[in-house]
Amino acid sequence: MGSAVITARAAATFEPVGRSVATARAFVRDTLQGWGYNDVVDDAVVLTSELVTNAVVHAGTAADVLCLRTAEGVRVEVADHYPEREVPLQSSGIDFGSPDRENGRGLLLCAALASRWGVEYSPTRKHVWFQLDLPHRPVGIRSAGPVLPTSLLPVTDGRVRVAVVQIDGTGAISAWNDDATYVFGHTTEQVTGKQFTDFVAWPHTPGTSTGIADALRLSRWEGSYGVRGADGRTIAVYASHLRVRDNEGEPSTVCLLVRDDERAVLQSPVRAPVSDASSDNRTADPFEVFIGSPAPDDLDGLLQRTVERARDMLDADAAFLLLATDDETELEVRATTGLPSARQRFARVPVEAGTGRYGSARMPAVHEDLTAVPGAVPLLADTGMRSVVTVPLKVEGRLTGSLGVAAEGAGRYSNEEALRLQFAADRIALAVESARLGELERLRRGSLSFLVEASDLLAGTLDRDQTLALMAQMTVPTLATWCAVYTIADQSSEPYLSYVLHEDEDLIDGLKALLSTISPPDPVPAPGARVWATPSEAGHRAALATSTRSLAYDAPLSMSTATRTTLATAQAVGGETVVLPLVARNRVIGMLTLGKPSDDHFRQEILELAEDLSRRAALALDNARLYSERMAISQSLQRSLLPPGLPDVPNVEIEVIYRAAGEGNEVGGDFYDVFPISDGAYGFAIGDVCGTGPEAAAVTGLARHALRLLAREGFGGPAVLERLNAAILDEGARSRFLTLLYGELWPREDGSALLKVVCAGHPLPLRLRQDGSVEPAAEPQPLLGVLDDLELYEQEVVLDPGDVLLCVTDGVTERREGTRMLGDDGLAEVLSTCTGLTAGAVAARILRAVERFAAEPASDDMAILAMRVPEPPLV
């Protein structure tokens, strides 16, 4: 390029595979268009295509492509790594061969198209370069379009407002111009520093499409999305993103936004269809002729490009493309241009709207004036469109979609336009179906992963409230913008609003208040989602009433918090709301309600995923209900086995600590009781039934109630235990042996207490004296529930002031850590340190010693009964 100053360069390496040729073409096209060199793009792409083909296909090596920019033109170098190849020179007399021969054709094209070209060798590679000079243009113009008649210029509504928003590397808004304030209503101070994603309504579906965070990281991006305005409405915009960096290297993204109906102001010129021009004059791909090259690699981009091309092809005011459901009974709106936002994304219309060829999407149809046939095209109702032509998209005879264009004037289209549109639809139908199947496969993989995770979470809890929260959190925001769960206690109960969640936490209270004012949906057991219009209607009425009151009272422009909440809630429920029944064990136990904000609809795949989730959630919720009910019954029965409270015994401190082993158990095989027998006499007992759980608890109940009854009938300690032994043996196979310490207590006027105790196979009670000595307070005797005839006797013990009597079950003495066991000696040692402590402090110290003895939680029930005769107060 001589002395020309290089002002920019771009380089890339492409692997030796066939698809690299198309990738290299796209690289050169994007580079030159980014530099504003549209005049030479086509020639550069053709030459690059041929030279890269030579490198990666014929030479079989990687291709290095280098683009250099100057003010005069562009130089492109393509290098391979096979220097032994022969270079044909026109002056050498070497035959170039037939133009139809692929080998060497790239050099022929260089000679024909390039301003200059050449071949250079190095010891390790060879590269071919060509230079394309720019045509002479007026100074200062980088690119320009042709002169157009005024009638063909883009239409805007008054002054064009271009919102300029700059987002820093963390995703926060750092700049917000006056036009952005005008369009969206938020002031610069209100948005600066906040995340851009807080204001963006991005059309996200699990498993498909690019997210807003991904779009902000791309070097360039153009497309449509929504921005939430200050009044709560979502404003459809067309955006152009440019990734830049400042002098310190910090990246940020500059976003230019206009209202979506003014997208022509920002949208880059559509690339002209380019074929791989070559001397064999191959015909261009019909698909690329219509869509352009390269075609979008995602379904949403392909459909949007399709409707825009269809609109431009027939000079229409609007265009739309709908995809058929699997059963071909409904069509779902997937892309529109020139229509209100309410017509966008996933609204559904029937395939067969009426009789005859004009009422079916399976046949081409031309409507010269929709006012003559109201409802003929439901999608265009109340849009101002009068003439429309629609054609089907079919693959192998199966309806896969419908493409239509519309105009505001009547009589704009005839059968000739229908044929042109049908030809275009036939060209793209297979590509659209292939992209749809790819998206569906990604969505199904994402759905499967979602359901597996949901099942794991739901199976991990049996708590009803937690199950309700999980149901809502799994649906918002993945499946819906907001969610409400209604539960039904029994068949005679009305549905109850149990849980409400919105992706914006500030709207939860307002949404809950709105739903509380309306009747719940009917508990219909029929499977599938059904539309529920009541929330949207209620929100609209509330917003209208609030606005009317504000106008009546001449409210200031700044709305009150209550008014903003009402309007925001109306916006939140203004879209489609669906109800899915929660059916478990052939009974409707509730409803799962999902909602979208204004103008939004659910796509069929999302509803099917929600239906799968509702089935799993219903079973989990019913399991949680059954578990809660049975746990409540179990705990109620177990609490009935415990004494209602400890009596106040004069001049005697009594403290009991009870711990049942097993989750959810309040009573096991160990038990205790302290009860009055007669005036001045009290009975006490502590026992241990063989085993734990409900069976042991049943014997516990028998023993405790029998002790009270027999003692109050006047029987002494041995007689009480002998009769209890007979009752246990009468249980037959259900009987279990029982160790029991039973005693009777008589407080004395001198401050001491007389005890008569019988120890039937139970760990011996320990007596702690004031001097710190510890000794057994009874002798062992046979346990109960084994022998028919027992000869038991009672022993008397006198507790002096300051003495303590400690009674425990074997869960205390048999506490283990590996091969070590606390045992009777260990318990006595701990008790010897309790001199001077109250009964409560003694019981607490014993429990603490047992817990610290081993790291593992206790596996056996424990009961600790401590009685102490207090010392008389000092005078």
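Scroll up to find the structure.
A short tour of the structure in this document, coming up. Computed from a prediction, not measured in an experiment: that's the story for all the values here.

Evaluated as defined, the whole model comprises 26 salt bridges. Measuring nitrogen to oxygen at the nearest pair gives 2.1 Å for the salt bridge that ties Arg615 to Asp612. With Arg615 and Asp612 both in helix α14 (residues 604-641), this residue pair falls three residues apart, about one helical turn. Given the relative accessible area of 46%, Arg615 is considered partly exposed. For Asp612, a relative accessible area of 23% puts it in the partly exposed group. Where Arg625 meets Glu629, a salt bridge forms, and the shortest distance between an N and an O atom there is 3.1 Å. Separated by four residues within a single helix, Arg625 and Glu629 lie in helix α14, roughly one turn from each other. Taking the relative accessible area as the measure of exposure, Arg625 reaches 22% and is therefore partly exposed. Taken together, the salt bridges that share partners define one network made up of Arg585, Asp622, Arg625 and Glu629.

Moving on: the pairing of strand β16 (residues 387-395). A large share of β16 lies buried, amounting to eight of its nine residues. The pairing of β16 with strand β17 (residues 398-407) spans nine bridges and is antiparallel. Each bridged residue has a counterpart across the sheet, and for Val388 the counterpart in β17 is Ala406. Linking β16 back to β17 in an antiparallel pair, the connection comprises two residues, with Glu396 at a positive phi of about 55°.

Peptide bonds are mostly trans, and most non-glycine residues show a negative phi. Of note, the bond from Val476 into Pro477 is cis; its omega dihedral lies within 30 degrees of zero at 0°. The topology assignment puts Pro477 in the loop between α10 (464-475) and β18 (482-487). Even without a glycine there, the phi angle at Glu396 is positive, about 55°. Residue placement: Glu396 occurs in the loop between β16 and β17. Of note, Asn651 is a non-glycine position whose phi angle comes to about 60°, a positive value. Along the chain, the position of Asn651 falls in the loop between α14 and β23 (653-659). Relative accessible area serves as the criterion here: at 48%, Asn651 is assigned to the partly exposed category.

As a rule of thumb, soluble globular proteins bury nonpolar side chains together. Counting 34 residues, the largest nonpolar core has Leu32, Val65 and Phe130 as the members making the most contacts within it. When residues of this core are traced back to their parent elements, those giving at least two are β1 (8-14), α1 (20-35), α2 (41-58), β2 (63-69), β3 (73-80), α3 (105-113) and β5 (126-133). Top element by residues in this core is α2. It accounts for nine residues. If we skip the residues at most four places from it in the chain, Val65 touches Ala10, Ala11, Ala12, Phe14, Phe27, Val28, Val52, Val76, Glu77 and Val78. Listed in part, the 33 residues of the second largest apolar core include Phe450, Val476, Leu609 and Leu621.

How each quantity is defined
Residues numbered from 1 in each chain as written. Predicted model: local features only at pLDDT ≥ 70, side-chain atom pairs only at ≥ 80, totals over all residues. Heavy atoms only, no water. Salt bridge = Lys/Arg side-chain N within 4 Å of Asp/Glu carboxyl O. Helix = DSSP H or I, 4+ residues; strand = E, 2+ residues; numbered from the N terminus. Buried < 20%, exposed > 50% of the residue type's maximum accessible area, 1.4 Å probe, protein only. Pairing = 2+ DSSP bridges. Core = buried A, V, L, I, M, F, W, Y, C linked by side-chain atoms within 4.5 Å. Contact = heavy atoms within 4.5 Å.

Note that every value here comes from positions in space, so none of it alone points to a role or purpose.
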